[in-house]
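Chains, contacts and geometry: an overview
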Amino acid sequence: MTNRNAFSGDMTRAIHAGEVPDPATGASAPAIHMSSTFVSRDVSGFSAHDLTEDSPYLYARWANPSVTLLERKIAAMQGTEDCLCTASGMAAAAAIMFTFLSSGDHLLISDVSYAGVAELARDTLPRMGIEVTPVDMSDLDAVAAAVRPNTRLVHVESPVNPIMRLTDLAAVSKIAQAAGALVSCDATFASPLGMDTQALGVDLVMHSITKFIGGHGDAVGGAVAGRADLIKQLRLEASIHHGGILSPFNAWLIARGASTLPLRMRAHQAGAQAVAEWLETRPGVTGVMYPGLPSHPQHDLARRQMKNYSGMLSFQVGSVADGERVAQAMIEKLKVVHYAVSLGHHRSLIFWMETQGLMDTSFRLTGAAADSYRAYAGDGIFRMSVGLEDAEDLIADLAQVI
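Position numbers for residues count from 1 along each chain, tracking the sequence in the order it is written. This being a predicted model, a pLDDT of at least 70 is required before a residue's local features are given, and a value of 80 or more before pairs of side-chain atoms are given or counted; all residues contribute to the totals for chains, interfaces and linings. Neither water nor hydrogens contribute to the side-chain values; these are computed over all heavy atoms in the structure.

Describing helix α8 (residues 248-258)
- Per-residue accessibility, obtained with a 1.4 Å probe over protein chains only, is compared with the maximum for each type, and a residue is labelled buried under 20%, exposed over 50%, and partly exposed between these values. The helix count covers DSSP runs of H or I at least four residues long, the strand count covers runs of E at least two residues long, and both are numbered beginning at the N terminus. Summarising burial for α8: eight of the 11 residues are buried, a large majority.
- Buried residues of α8: P248, N250, A251, L253, I254, A255, G257 and A258, and no others.
- What makes two residues a contact is simply this: any of their non-hydrogen atoms within 4.5 Å. Tucked into the core, α8 has its buried residues touching α1 (10-16), α2 (65-78) and α9 (261-279).
- Here a polar contact is taken to be a pair of N or O atoms separated by no more than 3.5 Å, where protein atoms must pair a possible hydrogen donor with a possible acceptor and residues adjacent in sequence count only if both atoms sit in side chains. Where α8 begins, one side-chain oxygen reaches toward the backbone nitrogen of F249, 3.2 Å away; that side chain belongs to S247.

Okay, here's the thing in structure tokens:
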């Protein structure tokens, strides 16, 4: 395990945490350890229950040097005691829920979250006897009212995907702690450098490391970071029993990307701020959501809670017909920005998300909850992940269609 205080600065942690020169060759860059098994030098038990922090590598589903390097790097950047890497961001979310929830337990989850997580909570967990309550995490009174005696986990997301609504993590953490529940936070949009989740009371912070941490759109992975005792539980359940482990090659690719994360996040933020400010000047744009804009309804919370506003933004262009028309124009005309799903890559990505479709499939919100969503998204939004291109080139590209 690596404590973030082992190094003083974000860049030093990103580059050096988890890494040492190869003891056999002196290589400065880390190797890729693709072996599925490792030669044993001592007689030991054949059970993952026997593993300790000092145990040698035995089998890649239990641990692998390339994956361990990445876990230590992410823990150092996130400021936690330990980290578990998984095969995807969804595997990270599932690891948290299937490790810390059992039949009869209650999950309180953000009513807007990554679509796969939303559907896991609404469709899969209830089949296993787990009670689920989606709630608007920006409404603290609603959060407090939704807590039950059997609430074991409160899962939040900030900023939420795709509408950029924020969660007051410190306030929600206090509510959860008073109820004896764990708090997990999907901080994929913010990256490990966006918020000090430890100081805000979060027990477990998860990321799709496919996104900003990897940063190059060429490897899928997930991670959960937190206290050592909680990660130990996750490691036994998720890695050993569920089997959703990260490939060593993907770990190597993502660790290489993670080494430049502080530089990239500064550039993502600068580019997104410039694009968001430009979008607010366009007559065809009816709303822009970016935490760094004073017009964001939670800008004061963003200033208190976020150290980096990230590269994610969303904007409206009016009706569904308007959105579909602009989306088709983007497909035909954009040269710099790619019309594609996903986010957090070095190249900019944009995608149209129609509100009613998400209501029907992933979120299924009604009444006040649906109204809250529409306050941020209207009838639909374009979710944009601002990459590392020059802002003037992104703006010139978008100006063709907006």
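Quick look at the UniProt feature "modified residue: N6-(pyridoxal phosphate)lysine" (unreviewed entry) in the protein chain
- UniProt positions are given in the numbering used here, feature names are shortened, and annotations may be inferred rather than shown by experiment. The sites that UniProt annotates as "modified residue: N6-(pyridoxal phosphate)lysine" (unreviewed entry) are K211.
- In this structure, K211 sits in the loop between β6 (204-208) and β7 (222-226).
- Among all residues touching K211, those that are not within four sequence positions of it are T188, S342, L343 and G344.

As for the sheet that holds strand β4 (residues 151-157)
- At least two DSSP bridges between two strands are needed for those strands to be called paired. Pairing is mixed in the open sheet, where seven strands are placed in the order β1-β7-β6-β5-β4-β2-β3. Sheet topology places β1 (82-86) and β3 (131-135) at the edges, where each strand pairs with a single neighbour. With strand direction ignored, the average angle separating the axes of adjacent strands in the sheet is 20 degrees.
- Summarising the sheet, strand β2 (residues 106-110) and β3 pair through five bridges and their orientation is parallel. In the strand pairing of β3, S110 is matched with V135.
- Structural elements are reduced to axes, namely lines fitted to C-alpha atoms, with helices fitted over the stretch in contact, and the angle between N-to-C directions of any two is expressed from 0 to 180 degrees. The strands touched by α2 within the sheet are β1, β6 and β7, with β1 carrying the most contacts at an inclination of about 130 degrees.
- In this fold helix α7 (residues 228-242) packs onto β1, β5 (182-186), β6 and β7, with an angle of close to 20 degrees to the strand it touches most, β1.

What about the sheet that holds strand β10 (residues 338-339)?
- With mixed pairing, five strands are arranged side by side in an open sheet as β8-β9-β12-β11-β10. A single partner strand is all that each edge strand has here, and the edge strands are β8 (287-289) and β10.
- Direction of pairing for β8 relative to strand β9 (residues 312-316): antiparallel, over a ladder of three bridges. In the strand pairing of β9, M289 is matched with S314.
- Sitting on the sheet, α9 touches β8, β9 and β12 (380-385), and the angle it makes with β9 is about 10 degrees.
- Seen against the sheet, helix α12 (residues 355-363) touches β11 (349-354) and β12 and runs at an angle of roughly 75 degrees to β11.

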